[in-house]
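Observations on the model geometry
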Amino acid sequence: MPNFEFGGKSYDVDEEGYLQNPEDWNKEMAEEIAKTEGVEMTEKHWEVVNFLKDYYKEYQIAPMIKILIKEMAKMFGPEKGNNKYLYELYPSGPAKQACKIAGLPKPTGCV
Amino acid sequence: MSETPLLDELEKGQWPSFVSEIKKSAKKNKKAEGLLGQLELSYKEKKTHWKHGGIVGVRGYGGGVIGRFSDVGEEFPGAAHFHTIRVNQTAGFFYTAEALRKICDIWDRHGSGLTNLHGSTGDLVLLGADTDSLEDIFCELSKEGWDLGGSGGGVRTPSCCVGPARCEFSCYDTLALNQDITMTYQDELHRPSFAYKWKFKFSGCPNDCVAAIARSDFAVIGTWRDDIQIDQDAAAEYVQNGLDIQTDLLAKCPTRCIEWDGSLRINNPDCTKCMHCINVMPKALRPGKDKGACILMGAKAPIVQGALLASVIVPFIRLQPPYDEIKGIIKKIWEFWDENGVARERIGECIQRVGLGNFLEAIGVEISPQVVTQPRDNPYIFYEEYYEEEGGEG
Ligand code: SF4
Ligand code: SF4
């Protein structure tokens, strides 16, 4: 199984870099995972990641994108609750990148 | 002895074989070579060696590339990553040879060289990319004017029949509508945010050459409202030339609304526009002049739940640019789906769950006789209008 090296320790990830054990996650590590995705974490990025983490804690599942969009709009206003904004923050897609950074399991989308 | 005895079996017989094509590519391409090895192993062990799922993509897009990872990548390095790239095909599949050559060149350089024209979504499919080459491939394709198609829970690459470009039966410009819809919904196509996939398919007449009625969430099928156009002389010619009009035409009209007594007579109000007579006598019969399309919704193949055929939503709509009416309907439907859809449920299943009547009411489409399968035969059905009347009296 591939590893992600961080802070002198090594963590199990799948071959796309998603953490295998959500308990391993911490903030500093998230910043590091973000770097591998070419994402520099700002407060705006954290708003998304924190939402994902909260949602996951409550429902044990990553939200559908449309729910993410709706909830972002509710919490931060329509200018942050839309697809375009999310892709500006996470150019390879919020499902792929933000979930990875949040330490959530890989979303199992359909093809 | 051959290294692929099982696959060799698939080259026997008179048909073209995908194995021969993979072998041809394998001679000059490492990825195709890996695929060949892995496939032989799969036939030997009777199981797939593709892992389930995997998210890969290019920057700015949430779809268009489908991740394929091998679980025997160490044994067959070429197959370790074998992602599928969906390239948005042209409307009606018109390409110049030069354009196709350029795609193939890009693909020989960066991928396995293996393609699939066209996948069941309609896309031009490039098979077998490494994760690391995806951005380069995307850049080169873009430079040549191509774009990726859709995947995941969003709008899939719209697809249409050849329509008026080559076919005299077409009742609307399928190519133009396909292009317009593709461009209008770029965001929904490239940045999927629906509960599940959404397929648009456009057929110019009820022959439905793209099988929209069976394969798309939103099918637009050309039709007409007036009478079938008849050229009696041409019809007589068919009969003179030996057409068995009774067996091959009259008896096969599903509603028996067509008669022959030396000239053809059609009881048009009974015609279900099945196209049969027109297909038998294309020179004598033509669709009517009052042309448009019928919108049907909800078809799907059997994934997650069983297969569904589409149901009529709007029996007749005229289709002229800028297509505001149909876009208005789409908007309403998506709003409804957004509110009511659940993950991995197609719109057809969603409509079944909430009921077609409720769905039509929600999207503001008036219920017409064409959307009813059969009149009621059960007197214990609750009807709102009767209820209101009684309420008024009492
Ligand atoms: S669906 Fe009708 S219009 Fe389109 S290609 Fe087929 S026969 Fe022609
Ligand atoms: S189109 Fe079909 S239903 Fe209509 S007249 Fe011809 S055969 Fe009959």
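Everything below is about the structure shown above.
Keep in mind that what you see is a predicted model, and the values were worked out from it rather than measured. (Residues numbered from 1 in each chain as written. Chains lettered and ligands numbered in written order. Predicted model: local features only at pLDDT ≥ 70, side-chain atom pairs only at ≥ 80, totals over all residues. Heavy atoms only, no water.)

1. Considerations on the overall build of chain B
As a reminder, the rule being used: Each helix is a run of H or I in the DSSP string that is no shorter than four residues. Each strand is a run of E no shorter than two, and both are numbered from the N terminus. Buried, partly exposed and exposed residues are distinguished by accessible area as a fraction of the type maximum, computed with a 1.4 Å probe on protein chains only: under 20%, between the cut-offs, and over 50%, respectively. Contacts between residues were defined by any pair of non-hydrogen atoms, one from each residue, lying within 4.5 Å. Counting rule for charge: Lys and Arg are taken as positive, Asp and Glu as negative, and neither His nor the chain ends is counted. One atom stands in for each charge, and that atom is NZ of Lys, CZ of Arg, CG of Asp or CD of Glu.
Per the secondary structure count, chain B includes 15 helices and 13 strands. Reported as C-alpha extents along the three principal axes, the dimensions of chain B are approximately 75 × 65 × 40 Å. A total of 394 residues make up chain B; the buried ones form 48% of that total. Put simply, 64% of the contacts in chain B that link residues at least 6 apart link residues at least 24 apart. Charged side chains in chain B number 43 positive and 56 negative. The centres of these two groups are separated by 6 Å.

2. Some points on the side chain of S42 of chain B
Residues and elements named next belong to chain B. Within the secondary structure layout, S42 lies in helix α3 (residues 30-45). Residue S42 is classed as buried on the basis of its relative accessible area of 13%. In contact with S42, other than residues within four places in its own chain, are K47, T48 and H49.

3. Section: the interface of chain B and chain A
To keep it simple, the criterion reads: Computed with a 1.4 Å rolling probe, the buried area is the accessible surface lost when two parts are put together, summed over both parts. The term salt bridge refers to a pairing of a side-chain nitrogen on Lys or Arg with a carboxyl oxygen on Asp or Glu at a separation within 4 Å. Classification convention: Asp, Glu, Lys, Arg as charged; Ala, Val, Leu, Ile, Met, Phe, Trp, Tyr, Cys, Pro as nonpolar; all other residues, Gly among them, as polar.
Between chain B and chain A, the contact holds 33 residues from the first and 18 residues from the second. Considering only the surface of chain B that becomes buried against chain A, I55, R59 and S193 of chain B emerge as the three largest contributors, covering 29% of it. Across the contact surface, chain B and chain A share 1 salt bridge. Measuring nitrogen to oxygen at the nearest pair gives 3.9 Å for the salt bridge that ties E339 of chain B to K70 of chain A. In terms of residue count, helix α12 (residues 324-340) of chain B provides more of the side of chain B that touches chain A than any other element does, 3 residues in total. Taken together, the residues that form the side of chain B that touches chain A break down as 12 nonpolar, 10 polar and 11 charged.

4. Remarks on the packing of aromatic side chains
All names here are of chain B. What counts, and what does not: Note on ring pairs: Phe, Tyr and Trp rings are taken, using the six-membered ring of Trp, and paired if centres are within 6.5 Å. Classes follow the plane angle, with under 30 degrees stacked, over 60 edge-to-face and the rest tilted.
Using the criterion set out here, one finds 18 aromatic pairs over all chains in the structure. Between Y185 and W334, the ring centres sit 4.8 Å apart and the planes meet at 70°, which makes this aromatic pair edge-to-face. Of this pair, Y185 sits in the loop between α6 (174-184) and α7 (186-190) while W334 sits in helix α12; the two residues are 149 residues apart in sequence, bridging distant segments of the chain. The same class applies to Y185 and to W334, which are both buried. Consider the rings of F200 and W334, whose centres lie 6.2 Å apart with planes at 55°: the pair is tilted. Residue F200 is found in strand β6 (residues 200-203), and its partner W334 is found in helix α12; the two are separated by 134 residues along the sequence. Since its relative accessible area comes to 11%, W334 is described here as buried. An aromatic cluster is defined as three or more aromatic residues linked by ring pairs; in this entry it consists of Y185, F194, W198, F200, F202, F218, W334 and W337.

5. Quick look at the site of ligand 2
Definition in use: Throughout, the term near means that a residue has one or more heavy atoms lying within 4 Å of the molecule or strand in question.
Contacts to ligand 2 come from C253, P254, T255, C257, C271, T272, K273, C274, M275, H276 and C277 of chain B. Its residues assigned to classes, the shell around ligand 2 comprises 7 nonpolar, 3 polar and 1 charged.

6. Some remarks on the nonpolar core
This is how it is decided: Within this scheme, the nonpolar core is defined by two criteria: the residues are buried Ala, Val, Leu, Ile, Met, Phe, Trp, Tyr or Cys, and they are joined through side-chain atoms within 4.5 Å.
Counting residues in hydrophobic clusters, the biggest one holds 51 residues, and the most contacted among them are W198, F200, F218, M297, I333, W334 and F359 of chain B. Looking at this core, the elements that each hand over two or more residues are α6, β6, β7 (218-224), β12 (291-297), β13 (311-317), α12, α13 (347-354) and α14 (356-363) of chain B. Element by element, the count of residues in this core is highest for α12 of chain B, at 7 residues. In this view, M297 of chain B contacts W198, D217, F218, A310, S311, I313, I333, I347, I351 and F359 of chain B; residues no more than four positions away in its chain are not counted. Counting 32 residues, the second largest nonpolar core, distinct from the first, contains W46, L52, L86 and L104 of chain A.

7. A look at the site of ligand 1
By nearness alone, every residue bordering ligand 1 is listed as C161, V162, C167, F169, S170, G204, C205, N207, D208 and C209 of chain B. For the shell around ligand 1, the per-class residue count stands at 6 nonpolar, 3 polar and 1 charged.

8. Here's the deal with the sheet that holds β12 of chain B
Convention followed: Pairs of strands are assigned from DSSP output, requiring at least two bridges between the strands.
Strand order in the open sheet made by the 5 strands is β5-β6-β7-β12-β13 (chain B), with mixed pairing throughout. Of all the strands in the sheet, just β5 (159-160) and β13 of chain B have a single pairing partner and so form its edges.

9. Some thoughts on the pattern of salt bridges
All names here are of chain B. Tallied over the full model, the rule gives 25 salt bridges over all chains. Among the salt bridges present, the one from D217 reaches R346, with a minimum N-O distance of 2.8 Å. One end of the pair, D217, is in the loop between α8 (212-215) and β7; the other, R346, is in the loop between α12 and α13, with 129 residues separating them in the sequence. The residues D217 and R346 share a single accessibility class, namely buried. One salt bridge connects D290 with R225, and the closest N-O pair in it is separated by 3.2 Å. Here D290, found in the loop between β11 (285-286) and β12, pairs with R225, found in the loop between β7 and β8 (229-230); they are 65 residues apart in sequence, far enough to count as distant. Given a relative accessible area of 21%, D290 falls into the partly exposed group.

10. A few points about the pairing of strand β2 (residues 9-12) of chain A
Residues and elements named next belong to chain A. As judged from the 4 bridges shared by strand β1 (residues 3-6) and β2, these two strands associate in the antiparallel manner. Looking at β2, one finds that F4 is bridged to Y11. Counting the residues between successive antiparallel strands, the hairpin from β1 to β2 contains 2 residues, one of them, G7, with a positive phi of roughly 55°.

So far we have only geometry, and geometry alone does not tell us how the molecule works.
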